[in-house]
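Residue-level structure breakdown
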Amino acid sequence: MSDGYPTAAQKEALSLICDHEPMPTARLAERLLAAREPSTHPGYARAITRMAGTLAWRLQAQGFITASGTGTWRTTSSGRALISCA
């Protein structure tokens, strides 16, 4: 995160949430993992899962998503405007 500007990974997560909301963090992790090339590294899936939570936290801190339940996310109007999601 740089001065409130979302990174490419944050925009990817925001787009996934917008397309499939409300989205639990666990589903976000699954979709992020599915969008990447598979890896034989034993910690790869765990790292992507952890990244999903971090991305959601940062997007919420920036006001692009909001919690709509425990660990479930929805995009805000500013989040939808950022990525042009209807």
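Residues numbered from 1 in each chain as written. Predicted model: local features only at pLDDT ≥ 70, side-chain atom pairs only at ≥ 80, totals over all residues. Heavy atoms only, no water.

Inspection of the entire model under this criterion finds one disulfide. Sulfur-sulfur distance for the disulfide between Cys18 and Cys85 comes to 1.8 Å. Judged by the sign of its S-S torsion, about -100°, the cystine formed by Cys18 and Cys85 is left-handed. One end of the pair, Cys18, is in helix 1 (residues 8-19); the other, Cys85, is in the segment after helix 4 (77-83), with 67 residues separating them in the sequence. A relative accessible area of 9% places Cys18 in the buried class. (Disulfide = S-S within 2.5 Å. Helix = DSSP H or I, 4+ residues; strand = E, 2+ residues; numbered from the N terminus. Buried < 20%, exposed > 50% of the residue type's maximum accessible area, 1.4 Å probe, protein only.)

Turning our eyes to something else, we now look at the sheet that holds strand 1 (residues 23-24). Ordered in space as 1-3-2, the three strands form an open sheet in which the pairing is antiparallel. In this open sheet, the two strands that pair with only one neighbour each are strand 1 and strand 2 (65-67). In the sheet, strand 2 pairs with strand 3 (residues 72-75) via three bridges, with the strands oriented antiparallel. Bridge assignment links Thr66 to a residue of strand 3, and that residue is Arg74. Relative to strand 2, helix 3 (residues 44-61) is tilted by about 105°, and along the sheet it contacts strand 2 and strand 3. (Pairing = 2+ DSSP bridges. Contact = heavy atoms within 4.5 Å. Axes fitted to C-alpha atoms, helices over the stretch in contact; angles between N-to-C directions.)

Attention shifts here to the pattern of salt bridges. Applying the stated criterion across every chain yields a total of one salt bridge. With a shortest N-O distance of 2.7 Å, Glu12 and Arg36 are connected by a salt bridge. Here Arg36 lies in the loop between helix 2 (25-34) and helix 3 and Glu12 lies in helix 1, a separation of 24 residues in the sequence. (Salt bridge = Lys/Arg side-chain N within 4 Å of Asp/Glu carboxyl O.)

Before going further, it helps to examine the side chain of Thr76. Tracing the chain through its elements places Thr76 in the loop between strand 3 and helix 4. Thr76 gets classed as buried once you look at its relative accessible area, which sits at 18%. Leave out the neighbours within four places in its chain, and Thr76 touches Gly63, Phe64, Ile65 and Thr66.

Note that Phe64 resides in the loop between helix 3 and strand 2. C-alpha of Phe64 to C-alpha of Leu14: the two residues are 50 residues apart in sequence and 7.6 Å apart in space.

Where strand 1 meets strand 3, two bridges bridge the pair, whose relative direction is antiparallel. Among the inter-strand pairings, Met23 is bridged to a residue of strand 3, identified as Trp73. In this antiparallel pair of consecutive strands, strand 2 and strand 3, the connection spans four residues, and Gly69 shows a positive phi of 150°.

Looking now at the environment of Lys11. Take Lys11: it is sitting in helix 1. Of the residues examined, Lys11 reaches a relative accessible area of 39% and is grouped as partly exposed. In this structure the C-alpha to C-alpha distance between Lys11 and Ala45, which are 34 residues apart in sequence, comes to 20 Å. Excluding residues within four positions of it along the chain, Lys11 makes contact with Pro6 and Ile83.

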